[in-house]
Amino acid sequence: MEHPIHIDERYKFSSGLKKVLGIVLIIGVVLLAGGIIMGVMGVGEHHETSTDAANPLYNLKEASETPFTTQGPTEMSPESGVVEHDAAHGDEAHPRGSGNAAADAATSHAGPTWLTRLYSNFWINNLFFTGLAIAGLFWVAIQYAAQAGWSAGFKRIPLAMASWLPVAAVLMLVTWLIANHDLFHWTHEALYDETSPDYDPIIAGKKGYLNTFFYLARMVVFFAIWIIFFYLIRRESMREDIHGGTSYWYTLRKYSAIFLVLFAVSSSMAAWDWVMSLDPHWFSTLFGWYVFASWWVSAIAAITLIVVLLREAGYLKIVNANHLHDLGKFLFAFSIFWTYLWFSQFLLIYYANIPEESIYYIERLTSDYYSPIFFINLFLNFLFPFLVLMTRDAKRHSIFLKIVCTVVLFGHWLDFYLMVTPAVMKDFGGFGLMEVGLILIYASAFGFVVMSALTKMNLIPKHHPMLQESMHHHI
Amino acid sequence: MAVAHTDNYILGLYDDEDLLMDAIKHVRSSGVIIEEVYSPFPIHGIDEALGYKRSRLPIAAFLFGLLGTTLALTMQIYMLGFDWPMIIGGKDFVSLPAFIPVTFELTVLIGALGMVACFMVVSNLKPYGKPRIFDTRSTDNLHVMAINLKSNRLSPAEIRDVLAASRAAEINDKSFEL
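Residues numbered from 1 in each chain as written. Chains lettered and ligands numbered in written order. Predicted model: local features only at pLDDT ≥ 70, side-chain atom pairs only at ≥ 80, totals over all residues. Heavy atoms only, no water.

Caption draft 1: Summary view of the environment of T195 of chain A. Here T195 of chain A is to be found in the loop between α7 (165-183) and α8 (201-205). One polar contact links T195 of chain A to D193 of chain A, side chain to side chain, over a distance of 2.8 Å. (Helix = DSSP H or I, 4+ residues; strand = E, 2+ residues; numbered from the N terminus. Polar contact = N/O pair within 3.5 Å; in protein donor to acceptor, adjacent residues only side chain to side chain.)

The structure is reproduced here in structure tokens:
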């Protein structure tokens with residue numbers, strides 16, 4: 001061994017790093033304030049003047065003529081049938097757009113404002129950073145359940161990421177309580193009132209699931225499950241540090257297995273609740289997996305990035321190029337996994353071309369503003385990690401990993417942006433000071449919480465029964 | 001002895017992998033070039049000890065994959081876009097998303113088959129090829145170090161001395177007809 005490995009290592013949250021995080025926070029606040037001021041004054045907002053705010057994009061007749069159609073003669077195209085079908089359906093069933101716009105007008109929302117944009121940004125960051133935290137815990141649990149030895153040396157990093165969960169729970173709950181009417185169309189009472197002109201039979205039919213009480217109950221229960229398991233796993237892992245022995249490992253494996261089962265259900269339902277219900281008419285059966293894939297690959301990127309940075313700061317000498325290689329493989333593989341789910345969702349909707357499903361992609365592909373982001377998303381999250389991390393050398397050198405991890409983290413933030421913004425902001429979404437500012441604020445806060453959590457435990461679980469295996473990991 | 005028509009080897013046989021690893025270091029530092037080592041089971045670190053260059057199989061895999069992608073896309077675009085255009089599900093004649101699954105499958109298929117083919121050729125396992133079996137005990141209990149006389153400047157007697165000094169259990173000669 002070239003470097004002596006210190007098993008009994010503790011992380012010291014240096015004042016230099018605190019300063020950096022503080023500066024990031026201040027820049028974020030300044031940018032956010034700038035974004036809000038510009039929003040209030042109406043500067044820099046994205047407008048598509050050619051588009052009537054409420055109508056054309058959501059008009060299903062027009063929509064079904066947009067991108068997924070043939071250029072062949074119309075009478076031969078099955079499209080004409082679809083159009084008639086919609087037109088017939090439209091009157092009673094309130095096609096999404098007109099129903100939405102009417103309801104928005106009726107419930108005194110004159111259209112998305114800078115405030116809605118702020119809320120939607122909070123929501124995106126809540127989703128993204130909650131995902132990092134919970135997928136960090138998922139990472140730890142899956143290592144125990146799979147009895148993995150190679151990762152024993154740096155298990156504390158994903159565990160520390162999960163300590164963001166309590167903060168995430170508060171932020172998510174508060175954002176929802178303040179902004180639910182702006183973010184979630186289904187929260188408007190008039191949609192469920194048969195006598196109201198805004199009555200929406202489709203949304204009313206979902207009332208058993210999509211109602212405020214049940215929704216909040218689910219949110220609280222999910223966070224409660226995640227936080228409880230986080231504390232259980234952390235507690236056992238800390239006890240193992242003190243007493244040693246293999247009994248803690250067996251307990252941890254048991255907790256992890258239970259958590260994985262609960263997580264499989266809760267993560268999927270959380271994705272329906274927190275993301276899919278932004279478009280209450282729209283549904284996609286693999287959406288839960290799609291969101292999970294985004295969370296999971298972002299968490300892998302974050303773990304890799306923190307491990308690499310800690311190593312460069314002189315910690316974690318237990319991690320060598322072989323561990324980095326495996327982390328790189330994880331990042332490579334799960335970038336492809338995300339793409340696979342992304343494409344599975346896209347292809348089925350594209351092929352079937354049912355208006356109530358394809359509206360999701362029509363909103364994102366026919367808008368001049370969202371369609372470039374749509375392709376940038378694919379480039380950042382698939383092509384870039386795929387091509388850069390393909391070779392063995394790239395996975396073993398920290399500089400490549402640092403670049404790819406940063407790109408993938410931003411890419412998946414953008415993925416959530418693309419899920420949330422068109423649903424909330426319609427055609428008035430934008431990317432400016434407000435977005436960048438809030439990302440910086442959240443990233444700084446996340447970094448602060450994770451790093452201070454790392455100081456509170458040994459950096460290396462020194463009595464982990466598989467520590468030797470991890471030290472001699474060689475591929 | 002018909003030198004031009006045979007490949008002559010000296011074989012060092014070892015009955016222990018630690019002994020073998022030490023022997024590899026000793027033999028290489030004495031200036032003898034080892035062609036190949038055959039062992040009944042994988043030995044950690046033997047690639048580095050033998051100073052092997054990294055396999056170029058990944059590059060072949062990438063190129064075969066690229067070939068598969070190109071073939072699949074060309075085939076589908078030509079067939080459905082030009083040779084026999086058909087409206088399917090009201091889509092464009094050349095509708096890329098619909099072509100992706102086939103493209104993916106052909107990329108994987110041609111990548112995998114190409115790698116197997118490369119491996120077969122490199123390992124001399126091609127049809128009608130005669131694989132060189134140095135000693136059948138290399139699949140049982142012995143590690144066989146094969147040293148090709150053609151690529152070594154040392155005389156056979158000197159090589160034998162080096163092998164003996166590295167505690168080889170047996171030292172044999174082996175010739176293959178070309």
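Caption draft 2: Region of the structure containing the sheet that holds strand β1 (residues 6-14) of chain B. All names here are of chain B. Reading across from one edge, β2-β3-β1-β4 is the order of the four strands in this open sheet, with antiparallel pairing throughout. Both edges of this open sheet fall to β2 (36-38) and β4 (170-177), since each of them pairs with a single strand only. Neighbouring strand axes in the sheet, compared pairwise and without regard to direction, differ in orientation by 25 degrees on average. Direction of pairing for β2 relative to strand β3 (residues 143-148): antiparallel, over a ladder of three bridges. Directly across from Y38, in β3, lies its bridge partner V144. Of the strands in this sheet, β1, β3 and β4 are in contact with helix α5 (residues 156-165), which crosses β1 at around 15 degrees. (Pairing = 2+ DSSP bridges. Axes fitted to C-alpha atoms, helices over the stretch in contact; angles between N-to-C directions. Contact = heavy atoms within 4.5 Å.)

Caption draft 3: Representation of the domain arrangement of chain B within the structure. Splitting chain B by domain gives domain 1 (6-54 + 132-177) and domain 2 (57-122). Placing a centre on the C-alpha atoms of domain 1 of chain B and another on those of domain 2 of chain B gives a separation of 44 Å. (Domains from an automatic or database assignment.)

Caption draft 4: Expanded view of the pattern of salt bridges. What the rule picks out here adds up to 15 salt bridges over all chains. Residue E236 of chain A is joined to R239 of chain A by a salt bridge in which the shortest nitrogen-to-oxygen separation is 3.4 Å. With E236 of chain A and R239 of chain A both in helix α9 (residues 212-243) and three residues apart, this pair spans about one turn of that helix. Residue classification places E236 of chain A among the buried residues on the basis of a relative accessible area of 5%. By relative accessible area, which is 36% here, R239 of chain A ends up partly exposed. Measuring nitrogen to oxygen at the nearest pair gives 2.8 Å for the salt bridge that ties R137 of chain B to E170 of chain B. One end of the pair, R137 of chain B, is in the loop between α4 (96-122) and β3; the other, E170 of chain B, is in strand β4, and 33 residues separate them in sequence. Judged by relative accessible area, which is 29%, E170 of chain B ranks as partly exposed. Connected through shared salt-bridge partners, R235, E236 and R239 of chain A make up one network. (Salt bridge = Lys/Arg side-chain N within 4 Å of Asp/Glu carboxyl O. Buried < 20%, exposed > 50% of the residue type's maximum accessible area, 1.4 Å probe, protein only.)

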